[in-house]
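# Report on the structure
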Amino acid sequence: MQVVHAFDVLGDPVRRRILELLADGEQASGAVTEVVSREFGISQPAVSQHLRVLRENGFARVRAEGTRRLYALDDQGLREADEWLDRFRRFWSGHLDALATELARVQRERRLREERQ
């Protein structure tokens, strides 16, 4: 098995879409294939290849249930990406904190206006 950097895995839009589907909970491979095939116009074997890449690199796990294969997120690959991004958080965390403060202020003002009415 060849180990790939997390962002090489995440760089593919099909794999990102599969992860979005799995973020909603465990999914049968057929359900994933149906959505991805429709949205990207790729074959079942191509979807299976993307699922294999996700599985081999710690982003997804699979379990058998009878003849079905059920896929779920595995946070190992996401942790690797998060750890790599950690050194860059200082560039945006202050901006996100300021945004959260501004959103709270707007909500507070809206609530006060509604109470006055």
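In the nomenclature of an unreviewed UniProt entry, the protein chain corresponds to DNA-binding transcriptional ArsR family regulator from the organism Saccharothrix ecbatanensis.

This paragraph deals with the pairing of strand E2 (residues 60-65). In this sheet, strand E3 (residues 68-73) lies alongside E2 in antiparallel orientation, the contact comprising six bridges. Residue pairing across strands places arginine 63 opposite leucine 70, the latter belonging to E3.

A few words now on the sheet that holds E2. Strand order in this open sheet of three strands is E1-E3-E2, and the pairing throughout is antiparallel. Edge positions in the sheet fall to strand E1 (27-28) and E2, since each has one partner strand and no second. Bridge count for E1 against E3 is two bridges, and the pairing is antiparallel. When the bridges of E3 are listed, glutamine 27 appears paired with tyrosine 71.

Right, let's get into a nonpolar patch on the surface. On the surface, Phe91, Trp92, Leu96, Leu99 and Leu103 cluster together to form a nonpolar patch covering roughly 490 Å² of accessible area. Residue class for tryptophan 92 comes out partly exposed when judged on its relative accessible area of 33%.

Bringing the packing of aromatic side chains into the picture now. The geometry of an aromatic ring pair comes down to the distance between the two centres and the angle between the two planes. According to the stated counting rule, one finds two aromatic pairs in the structure shown. Note on tryptophan 84 and phenylalanine 88: the rings are 4.9 Å apart at their centroids and 45° apart in plane angle, and the pair reads as tilted. On the basis of relative accessible area, phenylalanine 88 is assigned to the partly exposed category, the value being 27%.

Scoring rules and cut-offs
- Residues numbered from 1 in each chain as written.
- Predicted model: local features only at pLDDT ≥ 70, side-chain atom pairs only at ≥ 80, totals over all residues.
- Heavy atoms only, no water.
- Pairing = 2+ DSSP bridges.
- Helix = DSSP H or I, 4+ residues; strand = E, 2+ residues; numbered from the N terminus.
- Patch = residues over 30% accessible without salt bridge, like charges linked within 9 Å, V, L, I, M, F, W, Y side chains within 5 Å.
- Areas by Shrake-Rupley, 256 points an atom, 1.4 Å probe, with all protein chains shown as cover.
- Salt bridge = Lys/Arg side-chain N within 4 Å of Asp/Glu carboxyl O.
- Buried < 20%, exposed > 50% of the residue type's maximum accessible area, 1.4 Å probe, protein only.
- Phe/Tyr/Trp six-rings, centres within 6.5 Å; stacked < 30°, edge-to-face > 60°.

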